[in-house]
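An overview of the molecular structure
Take a look at the letters that make up each chain.
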Amino acid sequence: MTVNPFYHHTNQRLEEELSWIRRAQKDPESFGPLYKKYHEQIFRYIYQRMDDEELAFDITSQVFMKALNNISKYEYRGVPFSSWLYRIAKSELYQAFRDRKAERTVNIESFHLYEIIEEIDDDHSEEKKRILFESLAKMKEKDMQLIEMRFFEKRSFREIGEILEITENNAKVKAFRAIEKLKQLINPKQ
Amino acid sequence: MEIKKINLDRKNLTSTYIELRQDLKPILNLARNTKMTDFKSPWFYGAIGLSSMAIAVLFNNEMNSKTAINDETITLKKQKATSSIKNNIQIDRSYNVNS
């Protein structure tokens, strides 16, 4: 499976980003380059999990406001700034679900279904696709978020670990278990 | 948490459209305003903590001094009562002797 290259930065890009962070820590007005770089990624992460476009834009703004307010506390750990933003985004998003401002939605593209079928089954029929779609609807949210990040958003295990605040290995194990549960839902007799 | 809805092939938003919605100014303004009323700052909690401690100490002192005054009053009243009883007894005795 191919992995989204957005997350993986060269050392040079990480250093450039770090210099933007240091500048923003001294002067919030210098937050511009970080905002410009990550606005779309964070918006897409949020909008992927809900149905209300305007609310998704609002939550994205809230994420950047929180990041700006807390940037003095940010500690560089050798990973892109986005992992910190994703963690804020995750917390803001789930707060919106708890406050019932938004409803947890899963957005799937047809080609994602084919990719999952390829990973877990040999049968590529339309019927299998329908069963898979129905099985995904039955999954628990915590398993779904791993499938979403791994298969729909093509994130590496390292990035998934950073977002969920678990180790890379733990992310691997959890994603494997989620896939196993999905297999069980598709083929209950196995 | 429950998954409420699953969409298949929802219309994708273009990068250009998302970029058009970028606006850092209101975020900077909001962040500035939030900073001014930052209830989460250690200074805020420090000040609140210290003043509540001071109020607690003052209240405690006040209560102690009131109890001490009450105790003194009770002791004085007791002393007066005892001495008057003693006087009465003496008067009674002298009356008996005289009679």
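In this report, we go over the structure that sits alongside the text.

Concerning the overall build of chain B
Looking only at helices and strands, chain B has three helices and one strand in total. Listed N to C, the secondary structure of chain B is β-α-α-α in terms of helices and strands. The buried share of chain B, reckoned over its 99 residues, is 2%.

Thoughts on the interface of chain B and chain A
Counting residues at the interface gives 22 residues for chain B, matched by 30 residues for chain A. Elements with a contribution of two residues or more to the side of chain B that touches chain A: β1 (5-8), α1 (15-20) and α2 (24-36) of chain B. Residue contributions to the side of chain B that touches chain A peak at seven residues, all from α2(B). Partitioning the side of chain B that touches chain A into residue classes produces ten nonpolar, four polar and eight charged. Here four bridges tie strand β1 (residues 105-108) of chain A to β1(B), and the two strands are oriented parallel to one another.

Considerations on helix α4 (residues 81-98) of chain A
Residue and element names in this part refer to chain A. Over its 18 residues, α4 runs 26 Å from end to end, which matches the ideal 26 Å to within 8%, given 1.5 Å per residue. Where α4 is concerned, the buried positions are Phe-81, Ser-82, Trp-84, Leu-85, Tyr-86, Ala-89, Leu-93 and Ala-96. Where α4 ends, the next residue or the one after it, Arg-100, has phi of about 60 degrees, a positive value.

Digging into the environment of Ser72(A)
You can see Ser72(A) is positioned in the loop between α3 (53-70) and α4. Sequence separation between Ser72(A) and Glu159(A) is 87 residues; the distance between their C-alpha atoms is 23 Å.

Brief notes about the nonpolar core
All names here are of chain A. Residues Ile-42, Ile-46, Val-63, Leu-85 and Ala-89 are the most contacted members of the largest nonpolar core, which totals 45 residues. Per element, the largest residue contribution to this core is eight residues, and it comes from helix α2 (residues 32-47). For this core, the two domains that each supply at least three residues are domain 1 (11-98) and domain 2 (110-186). In this structure Val-63 touches Ile-42, Leu-85, Ile-88, Ala-89 and Glu-92, once residues within four positions along its chain are discounted.

About the cut-offs
- Once a new chain begins, its residue numbering starts again from 1 and follows that chain's sequence as written.
- Chains carry letters and ligands carry numbers; both start at the beginning, A for chains and 1 for ligands, and go up in the order they are written.
- A pLDDT threshold of at least 70 governs which residues receive local features in this predicted model, and a stricter bar of 80 or more applies before side-chain atom pairs are shown or counted, although totals over entire chains, interfaces and linings include all residues.
- Note on conventions: DSSP H or I runs of at least 4 residues are helices, E runs of at least 2 residues are strands, and numbering of each starts at the N terminus.
- Field definition: a residue is buried when 20 or more other C-beta atoms are found within 10 Å of its C-beta, exposed when 12 or fewer are, and partly exposed for counts in between, with C-beta atoms placed from the backbone.
- C-beta atoms are first placed from the backbone for all residues, and any pair lying within 7 Å is then listed as a contact.
- For this classification, the nonpolar set comprises Ala, Val, Leu, Ile, Met, Phe, Trp, Tyr, Cys and Pro, the charged set comprises Asp, Glu, Lys and Arg, and every other residue, Gly included, is treated as polar.
- Should DSSP find at least two bridges between two strands, the strands are taken to pair.
- What a helix is expected to span follows from its residue count: subtract one and scale by 1.5 Å.
- Throughout this description, the term nonpolar core refers to a group of buried Ala, Val, Leu, Ile, Met, Phe, Trp, Tyr and Cys residues whose C-beta atoms join them within 7 Å.
- For every domain, the bounds stem from an assignment made automatically or drawn from a database.

Nothing here speaks to function; it is geometry throughout.
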